[in-house]
Protein chains: 2
Amino acid sequence: MANKQTIKVNGSEQYNVVVGLDILQNFKIFIRDYDTNKSIFVIDSNVNDKQSELIQNLKACFNETFDYIVPAGEESKNVNQFNQIVDFCLNEGVTRETTLIAIGGGVVGDLAGYVASSVLRGLPLVHIPTTLLAMVDSSIGGKTGINHTTGKNLIGSFYQPKGVFADIDVLDTLSDLEFICGFGEILKYGAISDPVILEILHGKNLLDLRENKNQMESIIQRCVKIKGLVVTQDTKESGHRMILNFGHTFAHAIEKVLGYGKIAHGQAVFIGMVTACYLSEEMGGNVNEALLLEHASSMQILPEHLNIDAETLIEAMQSDKKKKKNELRFVLLKQFGKPFVSIVPDIKTVIQCWEKTRLILTDAYSHS
Amino acid sequence: MANKQTIKVNGSEQYNVVVGLDILQNFKIFIRDYDTNKSIFVIDSNVNDKQSELIQNLKACFNETFDYIVPAGEESKNVNQFNQIVDFCLNEGVTRETTLIAIGGGVVGDLAGYVASSVLRGLPLVHIPTTLLAMVDSSIGGKTGINHTTGKNLIGSFYQPKGVFADIDVLDTLSDLEFICGFGEILKYGAISDPVILEILHGKNLLDLRENKNQMESIIQRCVKIKGLVVTQDTKESGHRMILNFGHTFAHAIEKVLGYGKIAHGQAVFIGMVTACYLSEEMGGNVNEALLLEHASSMQILPEHLNIDAETLIEAMQSDKKKKKNELRFVLLKQFGKPFVSIVPDIKTVIQCWEKTRLILTDAYSHS
């Protein structure tokens, strides 16, 4: 735990995000501020299989625990799972002191977070993110939610956890693709706020970082600090927090058009960021997108991920349920680390930038 | 609108509670700060029938409105209604600017409030309370929720409205019992915070106040100020807000034992407050409970409301799902206006106070 860092995030109440090695081996130390009498564990089924020893250790920190296993995969973020977990909690006789521990990636974190916010109007919530993506993104900031037939994350709440414990060792059990996908968001933090991240990753094959835990610890800590700062300034996503959506307007549309599951979120974000860089340049920005493009191969971007014509993509962006009115807003960059939000007046420019992205990334693939 | 008052309540964001006559006739003035493009109206079915002209006027303040009619009655506070209204909102294509207007009593306010907090992680919410109880209590303070098979209000959120508009004229369509029941909470505010309310009501038949709108306006404004102050100090019910539960530990148990619907909430609160006064005296308080007892006849307290033996009542109190650990906590009074929270160490004292309440109120009934 030598380089462990505790990063304070201030939502409506301040909470700690602890990032480091061996965190969960020493969990008893970290949860001594909580009521350890009784807890509800909501666990991703894959994690439950792969990390059974770790989970037993966590359970030993409580007098009494009750498990709810969530089937792995995005499909679990639905209203039926939500209702079932709520029933489970209430039938087990939870009180407002019963801690809910969410163990898994973004799916379990978002789902269990929404349950925690809803049962008795709020149970204490602890996130134990087990994917790189969840460590640097979804476990921080208090967004919870489930999907609806009309779109993703359309039902949920803003609800801050009492603590987040990100243990680098847990990343060992991720598949290569799961590991790589976390870098969609990591590169994003580099682009919008901390270009040092881009320098650290420059010239590296991202997969090689699996073996360098100290480096990963440091990178994750940098990302958590950025996210923590942004969400502290804008708890309820009314303004500044929008910069976290760099690349995401395109990414959501790409995921929607290809069909969920056909491309990983991190890959879609990567492609979206490349397009947003081109768009930034068209709007007067000065961005060296090569620092992103060099990772196209590591990110396993394939030609079929790019097989979307511009009109279809733009239509998908315009039908985003969450957006204000009928205009296209993008987070763009003056330069790396200097984001701004802009309404792009000319749809032709957007089309050009998307075509350029397709060309460059397809070309990069054929030369990789 | 001569004596209209706007009372500021400060949750996570400050909002106005406007109480007066003719508020809704002038609704356009009050909502000019909101997005009036599109709104979802969630309306109690009885109110929709009885106040159709008023509702048409309210709708005229928006460019586009969509109605969801909630069947009147506590049974509507369930997860199916919740899911249906959420579906309705999302299928109508709401955005984060779409205001949800809740028109009805506590049931619609709690249900629609929970929907508003959950759709897109929060739609702007406006309460138009149409019962006396909702005006002085449930519409203020940001508690939302639905019932579960294991108990009332066990699923929900803390979510503050953007505004509350309580129009005294709306009270005209209440039944006598609905009107009277609001006085359970009104007398409570007198007991815990503002004994002037007890003086105003002293010697009056509560039903006669229906005709005195200026008096009602002033009483409601007093109550809203107290509730606003308490919930501002304790948004998430972690401490001070508990004083609002004066009489309620008994009341919830009475409602549970008799079966929901067999006694109105306001009547149960009235009986609970009498018992809490006796308990306060046993714990050294100096309370003139005659100022409550004189209203037993107005409150239509019947012998069958009191037909609960002490053991059954205490058992029901001990199984309250929300309470901390296994102890009985009560809000008691040093004197009117001076509440404190106490754990009563001796169950026999509680039993005695309940028997005394039964005796006195049964006696009051037989002499009324």
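All right, on to the overall build of chain A then. Helices and strands together make up the secondary structure of chain A, namely 14 helices and eleven strands. At 20 Å, chain A has a C-alpha radius of gyration in line with the 21 Å of a compact globule built from 368 residues. Out of the 368 residues belonging to chain A, those deemed buried represent 57%. For chain A, the share of sequence-separated contacts (at least 6 apart) that also reach a separation of at least 24 residues comes to 75%. Of the roughly 14300 Å² that chain A leaves accessible, carbon and sulfur atoms contribute 47%.

Turning our attention to the sheet that holds strand S4 (residues 64-70) of chain B. All names here are of chain B. Read across the open sheet, the seven strands follow the order S1-S2-S9-S6-S5-S3-S4; overall the sheet is mixed. The sheet terminates laterally at strand S1 (5-10) and S4, the two strands that pair on one side only. Taken over all neighbouring pairs, the strand axes of this sheet differ in orientation by 15° on average, direction set aside. Pairing analysis gives five bridges linking strand S2 (residues 14-20) to strand S9 (residues 163-167), with the strands arranged parallel. When the bridges of S9 are listed, Gly 20 appears paired with Asp 167.

To continue, consider the pattern of salt bridges. Tallied over the full model, the rule gives 20 salt bridges over all chains. A salt bridge links A:Arg358 to A:Glu355, with the shortest nitrogen-to-oxygen separation between them at 3.7 Å. Pair noted here: A:Arg358 and A:Glu355 are both in helix H14 (residues 347-366), with a separation of three residues, about one helical turn. For B:Asp110, the salt bridge identified is with B:Lys77, shortest N-O distance 2.8 Å. With B:Asp110 in helix H5 (residues 106-118) and B:Lys77 in the loop between S4 and helix H4 (79-91), the pair connects residues that are 33 residues apart, well separated along the chain. Assessed through its relative accessible area of 4%, B:Lys77 is described here as buried.

What follows concerns the environment of A:Phe30. Turning to its location among the elements, A:Phe30 is positioned in helix H1 (residues 27-30). The sequence separation of A:Phe30 and A:Val94 amounts to 64 residues, and the corresponding C-alpha distance is 22 Å.

With 80 residues, the main nonpolar core has B:Leu132, B:Phe183 and B:Ile220 as its most contacted residues. Broken down by element, this core gets its largest block of residues, ten residues, from helix H11 (residues 265-282) of chain B. Setting aside residues up to four positions removed in sequence, B:Ile220 forms contacts with B:Val19, B:Leu132, B:Met135, B:Val136, B:Ile168 and B:Leu171. A:Met135, A:Ala253, A:Leu292 and A:Ile314 belong to the second-largest nonpolar core, a separate cluster that totals 79 residues.

It should be kept in mind that the predicted coordinates are not to be read in detail where pLDDT is low. Across chain A, the average pLDDT comes to 93, with 97% of residues at or above 70. Reported confidences for the modelled complex are a pTM of 0.93 and an ipTM of 0.92.

So, on to the environment of A:His202. Mapped onto the elements, A:His202 comes out in the loop between helix H8 (196-201) and helix H9 (213-233). Put simply, A:His202 and A:Leu292 are 90 residues apart on the chain and 8.8 Å apart in space, counted from C-alpha to C-alpha.

Glancing now at the interface of chain A and chain B. Facing 36 residues of chain A, the contacting portion of chain B comprises 36 residues. For the pair chain A and chain B, the two sides together bury roughly 3000 Å², of which 46% comes from carbon and sulfur. Taken together, chain A and chain B are joined by ten residue pairs in polar contact (both at pLDDT 80 or more). Sorting the residues of the side of chain A that touches chain B by element identifies helix H4 (79-91), helix H5 (106-118), strand S7 (143-148) and strand S8 (151-158) of chain A as the ones contributing at least two each.

What counts and what doesn't
- Residues numbered from 1 in each chain as written.
- Chains lettered and ligands numbered in written order.
- Predicted model: local features only at pLDDT ≥ 70, side-chain atom pairs only at ≥ 80, totals over all residues.
- Heavy atoms only, no water.
- Helix = DSSP H or I, 4+ residues; strand = E, 2+ residues; numbered from the N terminus.
- Rg over C-alpha atoms; globule rule 2.2 N^0.38 Å.
- Buried < 20%, exposed > 50% of the residue type's maximum accessible area, 1.4 Å probe, protein only.
- Contact = heavy atoms within 4.5 Å.
- Areas by Shrake-Rupley, 256 points an atom, 1.4 Å probe, with all protein chains shown as cover.
- Pairing = 2+ DSSP bridges.
- Axes fitted to C-alpha atoms, helices over the stretch in contact; angles between N-to-C directions.
- Salt bridge = Lys/Arg side-chain N within 4 Å of Asp/Glu carboxyl O.
- Core = buried A, V, L, I, M, F, W, Y, C linked by side-chain atoms within 4.5 Å.
- pLDDT = per-residue confidence, 0-100.
- Buried area = accessible area lost by both parts, 1.4 Å probe.
- Polar contact = N/O pair within 3.5 Å; in protein donor to acceptor, adjacent residues only side chain to side chain.

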